[in-house]
Amino acid sequence: MISYAAFWETLRRSHESTYSLIRNHHISSSTIDKLRKNKPVNTTTINDLCRILGCDVDGVMHYIPSEEDQPL
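So, here is what we can say about the structure in this document.

Some thoughts on the pattern of salt bridges
Now for step 1: All chains considered together, the criterion is met by three salt bridges.
Now for step 2: A salt bridge links glutamate 9 to arginine 12, with the shortest nitrogen-to-oxygen separation between them at 2.5 Å. Separated by three residues within a single helix, glutamate 9 and arginine 12 lie in helix α1 (residues 5–13), roughly one turn from each other.
Now for step 3: Two residues, aspartate 33 and lysine 37, come together in a salt bridge whose shortest N-O distance is 3.1 Å.

Here it is as structure tokens:
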């Protein structure tokens, strides 16, 4: 499972907010909702968030092994 808990921590430490991401950086409210619910987002969005927040990918997401992951 991909967890976006790191995103919320990075966002909290930054000068940005969900409002500024939506208003100033054109991140959709549906993307913010996906991040809240640990739903999949595309790599372009991850790239944009890293650029906006000035962080590496681990500042946005982490992989956590889960029994709920789909079988391979």
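Anyway, onward from the coordinates.
Some remarks on the nonpolar core
Now for step 1: In this structure, Tyr4, Phe7, Leu21, Leu35, Leu49 and Val60 are the most contacted members of the largest nonpolar core, which totals 15 residues.
Now for step 2: For this core, the secondary-structure elements that each account for two or more residues are α1, α3 (29–36) and α4 (43–53).
Now for step 3: The greatest single-element share of this core, amounting to five residues, is contributed by α4.
Now for step 4: Among all residues touching leucine 35, those that are not within four sequence positions of it are Tyr4, Phe7, Trp8, Val41 and Leu49.

The rules behind these values
Residues numbered from 1 in each chain as written. Predicted model: local features only at pLDDT ≥ 70, side-chain atom pairs only at ≥ 80, totals over all residues. Heavy atoms only, no water. Salt bridge = Lys/Arg side-chain N within 4 Å of Asp/Glu carboxyl O. Helix = DSSP H or I, 4+ residues; strand = E, 2+ residues; numbered from the N terminus. Core = buried A, V, L, I, M, F, W, Y, C linked by side-chain atoms within 4.5 Å. Buried < 20%, exposed > 50% of the residue type's maximum accessible area, 1.4 Å probe, protein only. Contact = heavy atoms within 4.5 Å.

In short, shape yes, function no, at least from these values alone.
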